[in-house]
Amino acid sequence: MLNYLRSIVQEVNSATDFAEVLRIIVKRVKKATNTGVCSIYLHDPADDSFVLTATEGLKPECVGRIRLKSSEGLVGLVATKVEPLNIENAHKHPRFVYFPETGEEQFSSFLGAPIIHQRKVRGVLVVQQVEHRRFDEGEESFLVTVSAQLAAVIAHAEATGELTRVTSPDRVKKDNEAFYRGIASAPGINIGTAVVVSSPSDIYAVAHRKTTDTSGELDLFRNALEKTKEDLRAVHRGLADKLNDQERALFDVYVSMLDDHSLGGEVSHLIETGIAADSAWSQVIIEHVRNFESMEDTYLRERASDVLDLGQRVLGYLQQSREVRKHYPENTILIGEELAAPSLADVPVEVIAGMVSVKGSRNSHMAILGRAMGIPTIMGAVDLPWRTLENVQIIVDGNQGHLIVNPSAALLSIYEAQHREEKVLAKNLESLRDQPSVTADNQHIALWVNTGLRMDTLLSLERGAEGVGLYRSEVPFLTRTRFPSEEEQRQIYREQLEMFAPLPVTMRTLDIGGDKALPYFPIEEANPFLGWRGIRISLDHPEIFLTQLRAMMRASEGLNNLRILLPMISNVPELKGAIEFIERVYRELTEEEGHNLAKPDIGAMIEVPAAVYQVRELARRVSFLSVGTNDLTQYLLAVDRNNPQVAELYHAFHPGLLQALQEIINGAKQENCQASVCGEMAGDPLGALLLVGMGYRILSMSASNLLRVKAILRLVSLTDAQKMVQHVLRLPDNRAVLNYLENTLTQPEIVSLYKTTIA
Ligand code: PEP
Ligand code: MG
């Protein structure tokens, strides 16, 4: 059965559209279960009914005509009971409904399985049989397995509008406006032109691009083919004496596949129709890989990986020689399958109006960068046909996580009005820049900033930050092709320290690993967030750690505003080890090399659950603690901060997390150790109020959130914030916490501050 299932999946993957997927499923399931009928009924939310959408065995003219409410028929019963229904004599069942036009009367046994995605019934998969027999357990599980696989495909079709095309073709919009959902990750609304960022040498990640310069593209393509052929011949020559005849022949086959009468010709033809060389190459290769993958013969199936390998090689050359730099229009909306910091390297930041990533979630580092730069950002837009969007007009609503592709004039004017309103709110907030950061009852709360990019540093200074609570030192590492040298680092850190001096700057030592991979230091792990990251790498690589510490301390000479923060501390020996390295560098620089330096304060991040329980142990050994709610949330709730599938479960208002945060500040106070928060929760207006109510007096956040947080703190008293904390700590879940806060903070000026932000 497993093999059969695998081959169904393969065939489904090579289908060209959703209707074909459905046809494949009914045909293959009917064959596998050896039954008379297999049908799929899909849920149409327009009238809450289940529509016969594909069948093998019932009369084809009934497709689209048979509709059953969930209170009707056996199909409705499967949907309401959300479990399989297996009956021998369906006609006798009180819920049986007979549709004469289907020709169904001859079928008596019925087995139906619900198709469920994210707890919602999207359809029902049914098999029916002429003779009286009960389907066996194996058949029942097979149907359940196919349904579970089909569910995600249906959800995707719903998001892209394909589902409506098959269930209610008359409701399909005539224009090509399309609406997608993702995870709201940096607030704000912008309208702009999509620029697709492709990952290098990934055949599946090439944008669909058109060209007017067909002869230029053809030259580029021929050149890439020649280089690849030359490579293959060189490998062939080098291995000549180690290969047998058959293996040598394979090289000739590869070379000939690139010829004009084979792949090369197909692609040239596509380029002549106005498709850019890399897009045309990727389309043809993907098609061939699919064909090979769906073959029954194992030998031929395995050839798919050869074609793929050839595809990647040629693509590498194509991308390398595409020297013409991309044009970034004003109001560029950057779109990619997995946007990451290096994707920003060549883009002039001032033109970026929005960022959209298919992968990732609200607390991925790209989202944090989006917030730092004040650029509306949507992550986890899993259904977005991103490859096809180059040059298309798009609205990015970073408040709701909505994306509108090719918006109609009516929708454009609604969003333009909202965009203007936001600008007015931002302007009003600017007047707060020189106002003190105090609660309504005059308690000072220090608002610091998180930095890493030059742009957020400039924004921080404009917003009147009182210090830097988190300088993410890995950011300059991420945008390079090798580790920066001590002197290169010293200059980068010096600039940061100088810009804020005499205000304190908290520099976190390298926090790579997890989702922050350096292109030149790849780490392959099954569970990167539980693996080699942060301080663990620094302690294992003293040569990298010591260089960084030297660069930081040398950069602080004469300024003396450096604080050093250690990421991902999960036990006391790690902290002790790191402190020893810091002390050694300080001694060497001052005693042996004669630098005149103040000893930097040392702090530990509290972002691992074990550190919460050992907060006093840790606090005794450092001058300050900084709470990283982003990681603490993911580790405490066991929810990957990057996974859109579980994004709903990732919430900083989970009472478990709130209790941990209260414990941390209590423990730090008992040890007279300063404690601040530098995770994203500190930059959320409601999150900030709760943290202040718990006792935190320093909050560090993205510069773009600073004025909004200052505004809310100035409108709420410390006493009220404390009362709110007392109440929420007793609530059962994050929804209840949010409802309570929204019902308590009803003043319109306060509501306008938190309604567009995200916790
Ligand atoms: C955190 O985990 O909350 C934090 C501030 O660090 P980062 O987001 O860089 O992991
Ligand atoms: Mg962290």
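All of these numbers come straight from a predicted model, not from anything done at the bench.

Draft legend 1. Spatial organisation of the domain arrangement of the protein chain. For the protein chain, the assigned domains read domain 1 (2-171), domain 2 (180-405) and domain 3 (433-754). Computed over C-alpha atoms only, the centres of domain 2 and domain 3 are separated by 36 Å. Contacts between the two partners involve 18 residues from domain 2 and, on the opposite side, 19 residues from domain 3. Carbon and sulfur atoms supply 61% of the area buried between domain 2 and domain 3, which totals about 1800 Å² over both sides. In terms of surface lost to domain 3, no three residues of domain 2 exceed Asn 363, His 365 and Ala 372, which account for 32% of the buried area on that side. If you look at where domain 2 meets domain 3, you find one salt bridge. A salt bridge links Glu 680 to Arg 371; the nearest nitrogen and oxygen atoms lie 2.5 Å apart. Linking domain 2 to domain 3 there are three residue pairs in polar contact (both at pLDDT 80 or more). Looking at the side of domain 2 that touches domain 3 residue by residue, the class counts come to nine nonpolar, seven polar and two charged.

Draft legend 2. Quick peek at the coordination of the magnesium ion (ligand 2). For the magnesium ion (ligand 2), the full set of protein donor atoms is Glu 607 (OE) and Asp 631 (OD), and the range of their distances to it is 2.0 to 2.2 Å. Highlighted residues: Glu 607 in the loop between β19 (601-606) and α19 (609-613) and Asp 631 in helix α21 (residues 629-637), separated in sequence by 24 residues. Residue classification places Glu 607 among the buried positions, given a relative accessible area of 2%.

Draft legend 3. Region of the structure containing the side chain of Glu 139. You can see Glu 139 is positioned in helix α4 (residues 137-160). Residue Glu 139 is classed as buried on the basis of its relative accessible area of 12%. A polar side-chain atom of Glu 139 sits 2.8 Å from the main-chain amide nitrogen of Asp 136. Look past the residues within four positions of Glu 139 in its chain and what remains in contact with it is Thr 33, Leu 111 and Arg 133.

Draft legend 4. Just helix α25 (residues 718-728), in detail. Turning to α25, its buried residues number three or more, namely Leu 718, Ala 721, Met 724, Val 725 and Val 728. Here the buried residues of α25 occupy an arc of 120 degrees about the axis, which is enough to place them on one side. Against the buried residues of α25 lie α22 (655-670), α23 (685-694) and α26 (734-744).

Draft legend 5. Structural detail: unusual backbone geometry. Cis peptide bonds are those with omega within 30 degrees of zero, and the linkage from Ala 501 to Pro 502 qualifies with 5 degrees. Even without glycine at this site, Asn 406 takes up a positive phi of about 50 degrees. Here Asn 560, not a glycine, exhibits a phi torsion of approximately 55 degrees, which is positive. Along the chain, the position of Asn 560 falls in the loop between α17 (542-555) and β18 (562-566). Its relative accessible area of 41% is what places Asn 560 among the partly exposed residues.

Draft legend 6. Geometry of helix α9 (residues 277-293). Helix length check: α9 (17 residues) gives 24 Å between terminal C-alpha atoms against 24 Å at 1.5 Å per residue, within 8%. Among the residues making up α9, those that are buried are Ala 277, Asp 278, Ser 279, Ala 280, Trp 281, Ser 282, Val 284, Ile 285, Ile 286, Val 289 and Phe 292.

Draft legend 7. How the structure looks around the site of ligand 1. In the neighbourhood of ligand 1, 17 residues make up the surrounding shell, with Arg 472, Arg 508, Gly 628, Asn 630 and Arg 641 lying closest. A distance of 2.8 Å separates an oxygen atom of ligand 1 from a polar atom in the side chain of Arg 508. Between ligand 1 and Asn 630 there is a distance of 2.7 Å, counted from an oxygen atom to a backbone nitrogen or oxygen. Within the complex, 100% of the 290 Å² of free accessible area of ligand 1 lies under protein. Taken together, the elements giving at least two residues each to the shell around ligand 1 come down to α11 (365-373), β16 (468-472) and α21.

Draft legend 8. The arrangement of the sheet that holds strand β14 (residues 402-405) in detail. An order of β7-β14-β13-β9-β10-β11-β12-β8 is seen for the eight strands of this open sheet, with the pairing classed as mixed. If you trace the sheet from one side to the other, it starts and ends with β7 (178-181) and β8 (183-186), each paired once. Adjacent strand axes in the sheet meet at a mean angle of 30 degrees when their direction is disregarded. The pairing of β7 with β14 spans four bridges and is classified as antiparallel.

Draft legend 9. Examining the pattern of salt bridges more closely. Taken as a whole, this structure holds 32 salt bridges when the rule is applied. Put simply, Glu 474 and Lys 516 hold a salt bridge, and the shortest N to O gap is 2.9 Å. Highlighted residues: Glu 474 in helix α14 (residues 474-478) and Lys 516 in the loop between β17 (505-508) and α16 (535-540), separated in sequence by 42 residues. Per residue, the accessibility class of Glu 474 equals that of Lys 516, and both read buried. Across the salt bridge formed by Glu 588 and Arg 584, the nearest N and O atoms sit 3.1 Å from each other. You can see Glu 588 and its partner Arg 584 sitting in helix α18 (residues 572-592), four residues apart, about one turn around the helix. Residues joined in a network through salt bridges with shared partners are Glu 474, Arg 508, Asp 511, Lys 516, Arg 533, Asp 631 and Arg 641.

Draft legend 10. Looking closely at the sheet that holds β19. Read around the closed barrel, the eight strands follow the order β15-β16-β17-β18-β19-β20-β21-β22; overall the barrel is parallel. Sheet twist, expressed as the mean angle between neighbouring strand axes with direction ignored, is 30 degrees. In this sheet, β18 lies alongside β17 in parallel orientation, the contact comprising four bridges. By the bridge assignment, Thr 506 is partnered in β18 with Arg 563. Where α17 meets the sheet, its contacts fall on β17 and β18, and the angle it forms with β18 comes to roughly 155 degrees.

Draft legend 11. Highlighting the packing of helix α8 (residues 263-272) against α9. Two numbers describe how α8 lies on α9: the axes approach to 9 Å, and their chain directions differ by 135 degrees. Here α8 is positioned oblique relative to α9, judged by the angle of their axes. Seen along the crossing, α8 lies across α9 with a hand that is right-handed. Contacts from Leu 263, Glu 266, Val 267, Leu 270 and Ile 271 of α8 reach α9 at Ala 277, Ala 280, Trp 281, Gln 283, Val 284, Ile 285 and His 288. For the contact of α8 with α9, the class distribution of residues is nine nonpolar, two polar and one charged.

Draft legend 12. Main features of the pairing of strand β5 (residues 109-117). Most of β5 sits out of view: eight of its nine residues are buried. Where strand β4 (residues 85-87) and β5 come together, three bridges link them in antiparallel fashion. In the strand pairing of β5, Leu 85 is matched with Gly 112. The pairing of β5 with strand β6 (residues 120-129) spans nine bridges and is classified as antiparallel.

Draft legend 13. The arrangement of the packing of aromatic side chains in detail. All chains considered together, the criterion is met by seven aromatic pairs. Where Phe 483 meets Phe 521, the ring centres are 5.5 Å apart and the plane angle is 65 degrees; that geometry is what we call edge-to-face. Placement of Phe 483 in the loop between α14 and α15 (486-500) and of Phe 521 in the loop between β17 and α16 is noted, with a sequence separation of 38 residues between them. The buried category is assigned to Phe 521, whose relative accessible area is 17%. Taken together, a centroid distance of 5.9 Å and an interplanar angle of 35 degrees make the contact between Phe 521 and Trp 532 tilted. Pair noted here: Phe 521 is in the loop between β17 and α16 and Trp 532 is in the loop between β17 and α16, with a separation of eleven residues, a long-range link. For Trp 532, a relative accessible area of 23% translates into the label partly exposed. Among the aromatic side chains, those forming a connected cluster through ring pairs are Phe 477, Phe 483, Tyr 520, Phe 521 and Trp 532.

Reading the values: the criteria
- Residues numbered from 1 in each chain as written.
- Chains lettered and ligands numbered in written order.
- Predicted model: local features only at pLDDT ≥ 70, side-chain atom pairs only at ≥ 80, totals over all residues.
- Heavy atoms only, no water.
- Domains from an automatic or database assignment.
- Contact = heavy atoms within 4.5 Å.
- Buried area = accessible area lost by both parts, 1.4 Å probe.
- Salt bridge = Lys/Arg side-chain N within 4 Å of Asp/Glu carboxyl O.
- Polar contact = N/O pair within 3.5 Å; in protein donor to acceptor, adjacent residues only side chain to side chain.
- Nonpolar A, V, L, I, M, F, W, Y, C, P; charged D, E, K, R; others polar.
- Donors = N, O, S within 2.8 Å, 3.2 Å for Na, K, Ca; no water.
- Helix = DSSP H or I, 4+ residues; strand = E, 2+ residues; numbered from the N terminus.
- Buried < 20%, exposed > 50% of the residue type's maximum accessible area, 1.4 Å probe, protein only.
- Arc of directions from axis to C-beta.
- Expected span 1.5 Å × (residues − 1).
- Near = heavy atom within 4 Å.
- Areas by Shrake-Rupley, 256 points an atom, 1.4 Å probe, with all protein chains shown as cover.
- Pairing = 2+ DSSP bridges.
- Axes fitted to C-alpha atoms, helices over the stretch in contact; angles between N-to-C directions.
- Parallel < 35°, antiparallel > 145°, perpendicular 65-115°, else oblique.
- Left-handed = near helix turned anticlockwise from the far one by under 90°.
- Phe/Tyr/Trp six-rings, centres within 6.5 Å; stacked < 30°, edge-to-face > 60°.

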